Amino acid sequence: MSADEGDLEGRLAEILRAAPSLMGVMETARDLALPDWMIFSGAIYQKAVNHLTGRDADYGLKDYDLGYFDAGDLSYEAEDLVIRRAAAAYPPPLDTLVEVRNQARVHLWFEDRFGEPYAPLTSSAEALSRFTTTMFAVGARLEPDGTLRLFAPFGLADLFALRLVPNPLRQTQGFARTAAAAQARWPELTLQT
């Protein structure tokens, strides 16, 4: 990791720790002790974008994506038990805003929902390498000792530059749609194709 990347990780950790709603979600997720869990997607990158553009920390937030990885039982019923357990652990309105998904099951439903094939994952962190844009490919986990562990397979430079870049590892028709939706909420975002 370069010194610049380390600085960006430190900046992101400060931004995330300053968001009480996110930290509450992470504390409860940590207590649930799901295997290989992390909070990712908008719950993470939007905090940075909002901070950098002078918006409220929760501006544009639709939900908190809580991914975990359990290949031991790929049935929907097993995942549904975890979803219900998590919903019971969060107070309203977080009980409906935290969206829990077993990343080991994504390949079973992704193509039907999005029209593109999706190979099985081997971890929650691997899911980040398949996001449509490098800027969104960031996750975080609050460890038992209070350490905030960050995951960013493409680094954080695009996020801090407010730059939407297609994922170089995954060609998808979803990039244009994703970029347009993000730019509608944050016109400061630039597009690099």
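What this report covers is the structure whose coordinates are included nearby. Note that residues are indexed from 1 along each chain, following the sequence as it is written. It should be noted that, the model being predicted, local features are given only for residues of pLDDT at least 70 and side-chain atom pairs only at 80 or more, the latter also being counted only at that level, while totals for whole chains, interfaces and linings use all residues. The side-chain values count all of the structure's non-hydrogen atoms but skip hydrogen atoms and water molecules.

**Things to note about the environment of Gln 171**
Numbering of helices and strands runs from the N terminus, with a helix taken as a DSSP run of H or I at least four residues long and a strand as a DSSP run of E at least two residues long. Structurally, Gln 171 is set in the loop between strand S6 (163-164) and helix H9 (174-185). As for Gln 171 and Arg 130, which are separated by 41 residues in sequence, their C-alpha atoms are 9.2 Å apart.

**Focus: the packing of aromatic side chains**
Side-chain rings of Phe, Tyr and Trp (the six-membered ring for Trp) are treated as a pair once their centres are within 6.5 Å; stacked means planes under 30 degrees apart, edge-to-face means over 60, and tilted covers the remaining angles. As enumerated under the stated definition, the model contains 6 aromatic pairs in all. With a centroid separation of 5.8 Å and 85° between ring planes, the pair formed by Tyr 59 and Trp 186 is classed as edge-to-face. Taken together, the residues Tyr 59 in the loop between helix H3 (42-52) and strand S2 (64-68) and Trp 186 in the loop between H9 and strand S7 (190-191) connect sequence positions 127 residues apart. A simple rule labels every residue: compare its accessible area, found with a 1.4 Å probe on the protein chains alone, to the largest value its type can have, and call it buried under 20%, exposed over 50%, or partly exposed in between. Overall, Trp 186 belongs to the buried group, its relative accessible area being 0%. Pairing Phe 110 with Phe 114 gives two aromatic rings, centres 4.7 Å apart and planes at 40°, and the pair type is tilted. In this pair, Phe 110 and Phe 114 are both assigned in helix H6 (residues 106-114), 4 residues apart and thus about one turn of the helix distant. By relative accessible area, Phe 114 is classed as partly exposed at 40%. Ring-pair connections join several aromatic residues into one group, and the members of that group are Trp 109, Phe 110, Phe 114 and Tyr 118.

**Re the nonpolar core**
Buried Ala, Val, Leu, Ile, Met, Phe, Trp, Tyr and Cys residues that are joined via side-chain atoms within 4.5 Å together make up what is termed a nonpolar core. Formed by 52 residues in total, the largest nonpolar core has its most connected members in Leu 12, Leu 22, Trp 37, Ile 39, Leu 66, Tyr 90 and Leu 159. The dominant element in this core, judged by the number of residues it contributes, is helix H2 (residues 20-32), at 6 residues. Contact definition: two residues touch when any of their heavy atoms are within 4.5 Å. When neighbours within four sequence positions are excluded, Ile 39 is seen to be in contact with Leu 22, Val 25, Met 26, Ala 29, Ile 44, Asp 65, Leu 66, Val 138, Gly 139 and Ala 140.

**Looking at the pairing of strand S4 (residues 139-142)**
Neither face of S4 is exposed, since Gly 139 and Arg 141 on one face and Ala 140 and Leu 142 on the opposite face are all buried. With antiparallel pairing between neighbouring strands as the criterion, S4 and strand S5 (residues 148-151) make up a hairpin whose turn holds 5 residues, including Gly 146 at a positive phi of roughly 90°. DSSP-based pairing: two strands are paired if at least 2 bridges between them are found.

**Regarding the environment of Phe 151**
Secondary-structure assignment places Phe 151 in strand S5. If near-sequence neighbours (up to four positions away) are discounted, Phe 151 is found in contact with Met 38, Ala 125, Leu 128, Ala 137, Val 138, Gly 139, Ala 140 and Arg 141.

**Concerning the side chain of Asn 50**
With respect to the secondary-structure elements, Asn 50 resides in helix H3. Beyond its immediate chain neighbours, meaning those up to four positions away, Asn 50 contacts Arg 55, Asp 56, Ala 57, Asp 58, Tyr 59 and Trp 186.

**A few points about the sheet that holds S5**
Read across the open sheet, the 5 strands follow the order S3-S2-S1-S4-S5; overall the sheet is mixed. Edge positions in the sheet fall to strand S3 (98-102) and S5, since each of these pairs with one other strand and no more. Adjacent strand axes in the sheet meet at a mean angle of 30°, parallel and antiparallel pairs treated alike. As defined by bridge partners, S4 adjoins S5 across 4 bridges and the pair is classed as antiparallel. Looking across to S5, one finds that Leu 142 is bridged to Leu 148. Axes, fitted as lines to C-alpha atoms, cover a helix only where it is in contact. Angles between the N-to-C directions of the axes lie from 0 to 180 degrees. Packing of H2 onto the sheet brings it into contact with strand S1 (38-40), S2, S3, S4 and S5, and relative to S4 it is tilted by some 60°. Sitting on the sheet, helix H4 (residues 76-89) touches S2 and S3, and the angle it makes with S3 is about 155°.

**Focus: the pattern of salt bridges**
Salt bridges are identified by distance alone: a Lys or Arg side-chain nitrogen within 4 Å of an Asp or Glu carboxyl oxygen. In total, this model carries 10 salt bridges according to the counting rule given. Linking Lys 47 and Asp 58 is a salt bridge whose minimum nitrogen-to-oxygen distance equals 2.4 Å. Of this pair, Lys 47 sits in helix H3 while Asp 58 sits in the loop between H3 and S2, placing them 11 residues apart in sequence. In this structure, the salt-bridge partner of Glu 188 is Arg 55, at a minimum N-O distance of 3.0 Å. One end of the pair, Glu 188, is in the loop between H9 and S7; the other, Arg 55, is in the loop between H3 and S2, with 133 residues separating them in the sequence. Overall, the relative accessible area of 34% leaves Glu 188 in the partly exposed class. For Arg 55, a relative accessible area of 25% puts it in the partly exposed group. Taken together, the salt bridges that share partners define one network made up of Asp 36, Arg 141 and Glu 143.

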